[in-house]
Amino acid sequence: MKGLFISFEGTEGSGKTSIIKEVEKHFLNKGLQVLTTREPGGIRISEKIRDILLDKDHLEMDARTEALLFAASRRQHLVEKIRPALNHGKLILCDRFVDSSLVYQGIARKLGIDEVMQINQFAIENTFPELTIFVDVRPEVGLKRVFDTLNREVNRLDLEKLEFHKMIYQGYMDLISKYPDRIRRIDGERSIDDVSKEAIALIESLI
Ligand code: TMP
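Only a predicted model underlies this, so the values are computations on that prediction, with no experimental measurement involved.

A. Broad picture of the overall build of the protein chain. Across its full length, the protein chain carries eight helices and five strands. The linear arrangement of helices and strands in the protein chain, starting from the amino end, is β-α-β-α-α-β-α-α-β-α-α-β-α. Its C-alpha atoms give the protein chain a radius of gyration of 17 Å, within 12% of the compact-globule value 17 Å for 207 residues. Considering only C-alpha atoms, the protein chain reaches an extent of 50 × 40 × 30 Å along its principal axes. Residues counted as buried form 44% of the 207 residues belonging to the protein chain. Working note: accessible area of the protein chain is about 11,200 Å², and carbon and sulfur atoms make up 52% of it. If the 32 positive side-chain charges of the protein chain are averaged to one point and the 34 negative ones to another, these points end up 3 Å apart.

What follows is the structure in structure tokens.
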């Protein structure tokens, strides 16, 4: 039996990580074998690449280098974790996948969606998720959720952050119209329970 590969996408504060936990619980209770993972995915080599990507000292990192490193980390994650799980018939719930690169590197870093897709195709060789669930929370609402847990005044950088997040959000909207069959939008501005139920129903329709 072949597995099922699902990815989740969203902007900051979309709550996708909590949704994934609920979805995982549901399918584990139903007796399915579930692999919950996130990029870079706990693979030794990908963790090292992640450290390079997230190191605050690496201010000189070029945007293409960044895109290539995300793609390299994705490749290793795919080969070591996702493909073996698919071959074992597992349900894979992946927090972010190729669409994050298309939006963050392609649009926010202005490298272009097609260019970023090209290097990612080299990395993933057409292993796309069967379904990508975009947890739709408007940027203002998502950032408010983040700030509310920060417990401090909103500053100038935070406002710049809002512009950045609007760009990311718009990027996801563009991707949804580019890949309407693969990417499904669900309204994330509801309770975790309601959002999770919709995600579960979408996945169940594929099982
Ligand atoms: P997270 O907030 O979901 O943990 O994601 C970590 C950050 O990395 C988030 O700001 C999005 C960013 N990212 C990219 O820029 N490109 C990618 O390909 C991935 C997977 C994440």
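Once the structure has been displayed, the description carries forward.
B. A look at the site of the ligand. Inspection of the region around the ligand gives Lys 16, Arg 38, Glu 39, Phe 70, Arg 74, Arg 96, Ser 100, Ser 101, Tyr 104 and Gln 105 as its neighbouring residues. At 3.1 Å, a side-chain N or O of Lys 16 approaches an oxygen atom of the ligand. Within the side chain of Ser 101, an N or O atom sits 2.6 Å from an oxygen atom of the ligand. Burial of the ligand by the protein chains amounts to 73% of its free accessible area of 480 Å². Going through the elements one at a time, α3 (63-87) and α4 (98-108) are the ones with two or more residues in the shell around the ligand. If you tally residues by element for the shell around the ligand, the top one is α4, at four residues. Looking at the shell around the ligand residue by residue, the class counts come to two nonpolar, three polar and five charged.

C. Summary view of helix α2 (residues 44-54). Among the residues of α2, those classed as buried are Ser 46, Ile 49 and Leu 53. Down the axis of α2, the sector holding all buried residues measures 60°, keeping them to one side. Summarising the geometry of α2, the exposed residues directed more than 90 degrees from the buried face are Arg 44, Lys 48, Asp 51 and Leu 54. In this structure, the buried side of α2 is in contact with α3.

D. Layout of a negative patch on the surface. A cluster of acidic residues, Glu 47, Asp 51, Asp 55, Asp 57 and Glu 60, forms a negative patch on the protein surface. The topology assignment puts Glu 47 in helix α2.

E. Region of the structure containing the packing of aromatic side chains. Applying the stated criterion to the full structure yields four aromatic pairs. A ring pair is formed by Tyr 104 and Phe 164, whose centres lie 6.4 Å apart and whose planes are at 55°; its orientation type is tilted. Highlighted residues: Tyr 104 in helix α4 and Phe 164 in helix α7 (residues 156-178), separated in sequence by 60 residues. Here the aromatic cluster, defined as three or more aromatic residues joined through ring pairs, consists of Phe 134, Tyr 169 and Tyr 172.

Calculation rules
Residues numbered from 1 in each chain as written. Predicted model: local features only at pLDDT ≥ 70, side-chain atom pairs only at ≥ 80, totals over all residues. Heavy atoms only, no water. Helix = DSSP H or I, 4+ residues; strand = E, 2+ residues; numbered from the N terminus. Rg over C-alpha atoms; globule rule 2.2 N^0.38 Å. Buried < 20%, exposed > 50% of the residue type's maximum accessible area, 1.4 Å probe, protein only. Areas by Shrake-Rupley, 256 points an atom, 1.4 Å probe, with all protein chains shown as cover. Lys, Arg positive; Asp, Glu negative; His and termini not counted. Charge placed at Lys NZ, Arg CZ, Asp CG, Glu CD. Near = heavy atom within 4 Å. Polar contact = N/O pair within 3.5 Å; in protein donor to acceptor, adjacent residues only side chain to side chain. Nonpolar A, V, L, I, M, F, W, Y, C, P; charged D, E, K, R; others polar. Arc of directions from axis to C-beta. Contact = heavy atoms within 4.5 Å. Patch = residues over 30% accessible without salt bridge, like charges linked within 9 Å, V, L, I, M, F, W, Y side chains within 5 Å. Salt bridge = Lys/Arg side-chain N within 4 Å of Asp/Glu carboxyl O. Phe/Tyr/Trp six-rings, centres within 6.5 Å; stacked < 30°, edge-to-face > 60°.

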